[in-house]
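Here's the letter readout for the chains.
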Number of protein chains: 2
Amino acid sequence: MNQLVYLLPAAGILALLFTFFRSRWIASQPAGNEQMQRIGAFISEGAMAFLRAEYSVLAGFVVIVGALLAWQGASEVESSPLVALSFVSGAVCSALAGYIGMRVATKANVRTTAAAQTGLNQALRVAFNGGSVMGMGVVGLGLLGLSILFIYYTSVFGASAEMDVAKVMTVLTGFSFGASSIALFARVGGGIYTKAADVGADLVGKVEAGIPEDHPLNPATIADNVGDNVGDVAGMGADLFESYVGAIVGTMVIGVAMVALPEFQQHAPFGGLSAVLLPMLLAAAGIVASILGTFFVRVREGGNPQIALNTGQFVAAGLLLVISWFLVTGLLPAQWTLGGVTYTAAGVYWATIAGLVAGVAIGLITEYYTGFGKKPVLDIARQSLTGTATNIIAGLGVGMRSTALPILVLAGAVILAHEMAGLYGIAIAAVGMLANTGIQLAVDAYGPISDNAGGVAEMSRLPKEVRARTDKLDAVGNTTAAIGKGFAIASAALTALALFSAFMAVTGLKSIDISHASVMAMLFVGAMLPFLFSALALGAVGRAAMAMIQEVRRQFSDIKELRAALDVMRRNEGVEHEYWSKQDQAVFEDAHGKAEYGKCVEISTKAAIREMVMPGLLAVVAPVVVGFAFKWVTGSGAEALGGLLAGVTVSGVLLAIFQANSGGAWDNAKKMFEEGVEIQGQKYYKGSDPHKAAVVGDTVGDPFKDTAGPSINILLKLISVVALVIGPLIR
Amino acid sequence: MNQLVYLLPAAGILALLFTFFRSRWIASQPAGNEQMQRIGAFISEGAMAFLRAEYSVLAGFVVIVGALLAWQGASEVESSPLVALSFVSGAVCSALAGYIGMRVATKANVRTTAAAQTGLNQALRVAFNGGSVMGMGVVGLGLLGLSILFIYYTSVFGASAEMDVAKVMTVLTGFSFGASSIALFARVGGGIYTKAADVGADLVGKVEAGIPEDHPLNPATIADNVGDNVGDVAGMGADLFESYVGAIVGTMVIGVAMVALPEFQQHAPFGGLSAVLLPMLLAAAGIVASILGTFFVRVREGGNPQIALNTGQFVAAGLLLVISWFLVTGLLPAQWTLGGVTYTAAGVYWATIAGLVAGVAIGLITEYYTGFGKKPVLDIARQSLTGTATNIIAGLGVGMRSTALPILVLAGAVILAHEMAGLYGIAIAAVGMLANTGIQLAVDAYGPISDNAGGVAEMSRLPKEVRARTDKLDAVGNTTAAIGKGFAIASAALTALALFSAFMAVTGLKSIDISHASVMAMLFVGAMLPFLFSALALGAVGRAAMAMIQEVRRQFSDIKELRAALDVMRRNEGVEHEYWSKQDQAVFEDAHGKAEYGKCVEISTKAAIREMVMPGLLAVVAPVVVGFAFKWVTGSGAEALGGLLAGVTVSGVLLAIFQANSGGAWDNAKKMFEEGVEIQGQKYYKGSDPHKAAVVGDTVGDPFKDTAGPSINILLKLISVVALVIGPLIR
C-alpha cells in the first residue's frame, strides 16, 4: 500500500497534539478564589467519580463481550480474536476520549468563571478551548484507532483482492461495536444522572423550598452541575464518537465492492483501496479544517459569542468543501461501472456535500422549532395561559410537528445521495455530515462548560457583572445545544443507514422485501423498540429523581443550619440580601457549605449505573435474538434482521426528533416567562401562573430531551452495528 | 354464479331488520319526566345538528371526488364511472350507519336513565340495545352494500375468468374508499368536537368555577354530552365500518389470484370465486353469531354488567369459531398450489382464528395497561404524589411501554397467518378479527350511552340510587371503551396490511425493497405522517377548546343568574344543598336552564367542521402526491408508494397505541383518586394535591386518547385505500 496511508494516523496524532496543548493552556489559566476552586473541585471530583464507577461496570461488559467475540470467532470465523481486538480498542478509545474531554471540561468551567471576571472574550476563549479538547479528542482517537487497526489488518490479510479487504472490514467493524457499547452506556447513564439531579434539584429546591437555581444551600446543586458534564459533555462526545466511527466504517464496508473494479485497480495512488480509504481521508481533512476553524472563534467585549462560534464553523465547513473536492476527484477514477450503473467521482463529491448540507439544515430547523422567541415556542407560552394541561399539549404538538421538515430533508438527502453515487453515496453523505465533528463537538461542549461557569459564579456569590457574562455565554450555549441535538439525530440517522447498507453488503442480501411477512413483522417489532427504550429511560429518571428528592428533603429537615437558613430566606422573601437583619445574615452565612453535596452525587451515580443496564441490554440483545431465532427457524436471519433495523431506524429517528424538540421548546417557553413575555397585550413574568405552568412543561421535557431522546440516537446505531457484527453468522 | 350468493345481501338485510326492531323497541320505552325529556332533546338535537353540518360538508367532498374518479376513469380505465358509483355507495352507507346509530343512541341515553329508576337489568337492556343498533347497522349496511355491488359488477364484467374478477375488484375498492373518507372526517371531526367540549367544560366549569361534572349550570355540559355521541358512537362506528369493509375488500382482491386455479374451478359451490367470496361469507356468519350473542346479555339486580357483556361476546365468538370451520373447509378445496407453495383450507381457518385471537389478546393487554387499579395505573397515581410533572412523565412512559406486547402479538399473528395461508392468510386474519364487529361495536356504543344516561340523571337531579345504577353501567363502559380502542387499533393494523397486500396484487409489484433509496426515503416520510397528523389534531383541539373556554367564561360573567348561583355555590362550599339558606336555594334554582347550551354546541360544531379539513386533506393528498411524483420522475410510483404505506402503517399503529393507552391510563389514575387510593400507607382523595396533578394528566390525555390516537386508525387505512384506488394508474 502507498505510504501516504500513514497520513491518516498522522492526522489523528495532530488532533491529539492539539488536544494536549489546549489542555495545558486551560490548566495554566487562573482558577479563581478559594471558594471557586473548592466548588470546582466538588464538580470535578463528582464527575470523575461517576466516570470511574461507570467505567468499572463497563470494563466487565467489555471483557465479557470481547471474550464472546473471540470465542465465537474461534468456532465460526478464523479471524475473530481480531474482532475482539477491534472491539476492545473501540471501547478503550471511546472511553479515553470521554475521560480526556470531561477532565478538561471540569477544569475549564471554573476557569471560565475566573476569566469572566476580566472580560467576555477571555471567558469565551476558555470555554470554547475547553470544548475543543473534547471535540478534537474524539476525532483524533477515532481516526487514529481506526487507521492503525486498518493498516495492521491489511498487513495480516493483504489488501489487493476483494476477499482480503472484505475480511479486513469484517474484523474492523468490531471497533465500531466497541465505540457503540461505550456510547450507549455513557449516553443512557449520563442522561439518567443529569436529569435525576436536575429534576430533584428543581422540584425540592426551586419549587418546594423556593431557593434559586445553583444556590449553594441546595444539596443537589453540585450533582446538577456534575450532571451537565456527565450528560452533555461525556454523553454527547460518546454519541458523536460513535456516529463518526460508524459512518466511516459503514462507508468503508460498502467501498469494498469497488476494490476489484479495473477502473480503481489502475488508479493511483491507492488503487483498488481508494473507495475504502476515502472516508478516512475525508475525516483527516475534517480534522485539519476544524483545527483551522477554531482560530476564528473570538469576540470583542459587548460582541455576540454566537457570531464567533458560527464564524469558526463556517470557516471549517468552507475549507472542507474545497479540500474534499480535490480529495474525491483526485482519489477516485473519473467514472466507473458497478452492477450495470455508471458512477462518477463528481457524483460522490455531491453526495458528500448533500450530507454536509442536510446536517446544517436539520440543525437550523431544530433551532426554529425550539428557539427562544420563535413562533412555536411563543405558541407554547401562549397556551400556558390556560394552564399546565394546555402547555403540555402544545409542547407535545410542537415536537410532533417538528418532525416533518427534518424528515423531508433527510429523505431528500438520501434520494439525492443515492442518485449521485448509489449505496456508497448514502454512506459517504454521513461521512460528509460528520467530517467536521471536531469543531462541531467543540461548540456543543462549550455549552455545558458555560452553564457550569454560571453555576460556579452563583455558588461563589461573585459580582453580578460576572454572572451577566457567563449568562451571555450560556444563552448562546442553549442555541448551540439545540442545533447540536438536531445534528446528532441527523447524523445518527445517516450513520444507521450507512451501517444498514454495510449490513446488506456483508450478508450478501440482494433485497429486504417488506411484503415478506417476516420482514413486515420485524419492521413492527423494530419500530416498537425505541418506544420501549424511551419508556425504560423515562422510568429510570423517575425512580432516580424520586431517590434524589427524598435525600434533599431529608437534608432540609435533618441539618439544622439548612433548616434555619431556609426559614430566614422565607421570612425575607422579596427583600434583597443586603437589607436583611444582621442576625438573619449571620444565620444564612452559617449554613453555607453545610449541605452534604457528596450524598446527592452518590445517589445520582448509583442510580445511573443501576438503571442504565436494562435499556443497554435491550439494545444489544434484541438484534442477536431476532437474527439467530430466524436463522434457526428459517435458515437465514438476515432479511428479518434487516426489517428490524429499518423499523428501529425509522421510528427511532422520529421519536428522537419528537422528544428532543418538545423538550427544547418547553425549556425556552419557560425561559421566555423568566425574561418577561407579552401575550395578548399583557406582560407575564417569572412567578406568574403561566410561568408556573411552563415550569412543569420544562420538567416534563427534561428527561425527554436529555435522556430518552438522545439515547435513541445510540440505540439505532448500536442495533445496526450489532447486526453488522453478527451478519456473517446469520446469513 | 350459484344462487347461494344471495345469502350475502340476505344476511345484511337480517342485520338491518334486527336494527329496525330494536330501534322500535327503544322508542317504545319510557323517556322519563319532562326535565329529562328536555335534556334528552337538547343532546339529541345537538348531535343531529352536528351530523347535518358534517354531512353537508362531506357531500361536497364526495361529489368532487366522485366526479374526479368518474373522469379519471373515463380517460384511463374503461369502467371508472362504476368506481365512482362504488365510492358514493360506500360513503352513503357509512354516513347512513352513523346517522341511524346516533339517532337511536341519543334516544337510548335518556331512556336508560328512566329505566335505571326501576332497575339495573332494565337499564342495561336499554343501553345495550341502543348500542346494538349502531353495531348491527354498521355490519348490515357494510355487507349489504358490498354484496349487492359485487353481484351487480359480476353481471357486468363476468365472473369466470381471473381478468374479469380482477376488474370487478378494481371497481369495488371504491366502496372501501368511500367508507374511509366518511370515517376520516367523522373520527377527526367527532374527536375534535368531543374534546373541545370536554376540555372546555372541565377547565372552566370544574377547575375555575368549581362545579361538578354534568352540572346544569355549566353551559358546556350539553356540548360535552353531545360530544360523547359524536365521538364515541358515530366516530367509533365509522372507524369500524371502515375496518370491516376494508378487511373484506382487501381479502377479496387477494383472493382473485385463486380464481383460475384448477383446484378452485372444480370445486362447488362457488368454484373459482370461493376465495373471493369467503370473507363476505365469514362476515355473514359473524352477523348471525352477533345477533344470537346479543340475547345472552342480561344481568340480575346487584349483578355485574361486565359479565353480562362478556357472556354475549364469548357466545358470539364461540359460534363464529364453529361456523367458520364449516364455512372455510366446505368452501375451499382441501389443498391447492399457488406460486409453487401448497396451501390448505385448514390453514386458512387457522389464519382466521389467529386474527380473532390476536384481537381479543390486544384488547385484554390494553385493559391491563389502562385498567382501574392495575399496576401501571397505580404507578401513575403514585408518581402524582411528587406533582404534575412526574404524573405526566409516568403517563407518557406507560403509554410507550404498552406498545411492546400488542406489537409482539401482532407480529406473531402476521407471521403465523402468513405461514398458514400466505398473503391471503394475513388478510383473512383481519376478517376473522372483524367478523364479530356487530356485537363488538354494540358493546362499544353501550359505553357512551351509559355515560350520557349518568349525565341526564345528574342534570335532572334524580335520586342518588338512579345515579348509582348509571354509574355502575358507566364504570363498565370505561373498561369496554379501553378494550374497544385496543381492538380498533389492532383491526386497523391488520386491515391496513390486508389493503397493503391488495395494493401489491393490484400494481403487480413483486417486491418492495427497503434497500432501494426511494423506498427507504418514503418509509421515513410515511412514518412521519402520523406524527404530523397527530400534531394537527392536537392543535385543532387546543384552538377549539380555547374558543369554548372563552364562551363559557363569557356566559359566567354576562348571565347574571349564573353569576349569582356560582357565588352561592362558592359561599356554601362543602355544605350539602339541603342545609343551604332558603334564599340561597332560591337563587340557585333560579339559575337552572339559564345557561345558553346552544351557543356552546354551535362553537364545538363549527370548530370541528373547520378543523377536520386540514388533517383530512393530508391523508388523501399525501399518497396521491407521492405516487404520481415518483411515477412522473422514475416511471413507476408503485414501489415508493409501498414504502410510504409501510411507514404510515408501522409508525401509525405505534403512535395510536401510545396515545390511546397514555390517555386511558391517565384517566383511570385520576378516577382512582376520586374513589380514594392508598399510597405508601396514606390515603388520598378527590381534591388532594395528587388528585389535582392527576386531573391535569387526564386533561392532557383527553385529546391523545379521543382525538389524535383514534384518528390515526383511519389515517393508515385511508392512505392504504387511496393507494389501492390509484394503484392501477401509477404502476
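Residues numbered from 1 in each chain as written. Chains lettered and ligands numbered in written order. Predicted model: local features only at pLDDT ≥ 70, side-chain atom pairs only at ≥ 80, totals over all residues.

## Examining the overall build of chain A
Stage number 1. Within chain A, the regular secondary structure consists of 22 helices and four strands.
Stage number 2. Principal axes of the C-alpha set define a box for chain A whose edges measure 85 × 50 × 50 Å.
Stage number 3. Here the analysis covers contacts within chain A between residues at least 6 apart in sequence; of these, 84% occur between residues at least 24 apart. (Helix = DSSP H or I, 4+ residues; strand = E, 2+ residues; numbered from the N terminus. Contact = placed C-beta atoms within 7 Å.)

## Observations regarding the interface of chain A and chain B
Stage number 1. Counting residues at the interface gives 60 residues for chain A and 60 residues for chain B.
Stage number 2. Elements with a contribution of two residues or more to the side of chain A that touches chain B: α12 (388-401), α13 (404-434), α15 (464-507), α16 (517-558), α21 (638-675) and α22 (689-730) of chain A.
Stage number 3. The dominant element in the side of chain A that touches chain B, judged by the number of residues it contributes, is α16(A), at 18 residues.
Stage number 4. The residue makeup of the side of chain A that touches chain B, split by class, is 40 nonpolar, 18 polar and two charged. (Nonpolar A, V, L, I, M, F, W, Y, C, P; charged D, E, K, R; others polar.)

## Description of the relation of the copies chain A and chain B
Stage number 1. When chain A is fitted to chain B, the best match, at an RMSD of 0.0 Å, comes from turning it 180° and sliding it 0.0 Å along the axis. Such a turn and shift between the copies fits a two-fold axis. Residues of chain A ranked by C-alpha distance from the rotation axis are headed by A:D513, positioned 2.3 Å from it.
Stage number 2. Looking at the interface residues of chain A, 100% of them are also at the interface in chain B, so both copies use one shared face. (Least-squares fit on C-alpha atoms with pLDDT ≥ 70 in both.)

## Considering unusual backbone geometry
All names here are of chain B.
Stage number 1. Of note in the backbone geometry, R461 takes a positive phi value of approximately 50° without being a glycine.
Stage number 2. Mapping R461 onto the fold places it in the loop between α14 (437-459) and α15 (464-507).
Stage number 3. A positive phi angle, near 45°, is found at Q680, a position not held by glycine.
Stage number 4. As for its position among the elements, Q680 is in the loop between β3 (677-679) and β4 (682-684).

## Quick notes on the packing of helix α1 (residues 7-28) of chain A against helix α8 (residues 274-294) of chain A
Residue and element names in this part refer to chain A.
Stage number 1. Here α1 crosses α8 at 30°, and the two axes come no closer than 9 Å. Looking at the two axes, α1 sits roughly parallel to α8. The interaxial crossing formed by α1 with α8 has left-handed handedness. Taken together, the residues of α8 that come into contact with α1 (itself represented by L7, L8, A11, L14, A15 and F18) are M280, A284, I287, V288 and I291. (Axes fitted to C-alpha atoms, helices over the stretch in contact; angles between N-to-C directions. Parallel < 35°, antiparallel > 145°, perpendicular 65-115°, else oblique. Left-handed = near helix turned anticlockwise from the far one by under 90°.)

## Quick word on the confidence of the model for chain A
All names here are of chain A.
Stage number 1. For chain A, mean pLDDT is 88; residues scoring 70 or higher make up 98% of the total.
Stage number 2. Between the elements of chain A, mean pLDDT differs from a low of 82, seen in helix α18 (residues 582-591), to a high of 95, seen in α1.
Stage number 3. The ipTM, which scores confidence in the relative placement of chains, is 0.91 for this predicted complex, and the corresponding pTM is 0.91. (pLDDT = per-residue confidence, 0-100.)

## Details of the nonpolar core
Stage number 1. If you look at the biggest cluster of nonpolar residues, it comprises 590 residues, and the most contacted ones within it are A:V414, A:F524, B:V414 and B:F524.
Stage number 2. Setting aside chain neighbours within four positions, we find A:F524 in contact with A:G647, B:I407, B:L410, B:A411 and B:V650. (Core = buried A, V, L, I, M, F, W, Y, C linked by C-beta atoms within 7 Å. Buried ≥ 20, exposed ≤ 12 C-beta atoms within 10 Å, placed from the backbone.)

## Considerations on helix α17 (residues 560-571) of chain A
Residues and elements named next belong to chain A.
Stage number 1. With twelve residues, α17 extends 17 Å from end C-alpha to end C-alpha; this agrees with the ideal 16 Å at 1.5 Å per step.
Stage number 2. Of all the positions in α17, only L562, A565 and M569 are classed as buried. For α17, the arc enclosing every buried residue in end-on projection is 65°, short of the 170-degree limit, so these residues lie on one face. Exposed and oriented more than 90 degrees from the buried face of α17 are K560, D567, R570 and R571.
Stage number 3. Residues of α17 that are buried in the fold lie against α16 and α18. (Expected span 1.5 Å × (residues − 1). Arc of directions from axis to C-beta.)

## Notes on the pairing of strand β1 (residues 335-338) of chain B
Residue and element names in this part refer to chain B.
Stage number 1. In the sheet, β1 pairs with strand β2 (residues 341-344) via four bridges, with the strands oriented antiparallel. Bridging across to β2, T337 finds its partner in T342.
Stage number 2. Connecting β1 to the next strand, β2, in antiparallel fashion are two residues, including G339 with a positive phi near 55°. (Pairing = 2+ DSSP bridges.)

## Quick look at the environment of A:T707
Stage number 1. By the secondary structure assignment, A:T707 is in helix α22.
Stage number 2. In this structure the C-alpha to C-alpha distance between A:T707 and A:S720, which are 13 residues apart in sequence, comes to 20 Å.

## Thoughts on helix α19 (residues 597-611) of chain B
Stage number 1. Look at α19(B): 21 Å from first C-alpha to last across 15 residues, which is about the 21 Å you get at 1.5 Å a residue.
Stage number 2. All buried positions along α19(B) are accounted for by B:Y597, B:C600, B:V601, B:I603, B:S604, B:T605, B:A607, B:A608 and B:E611.

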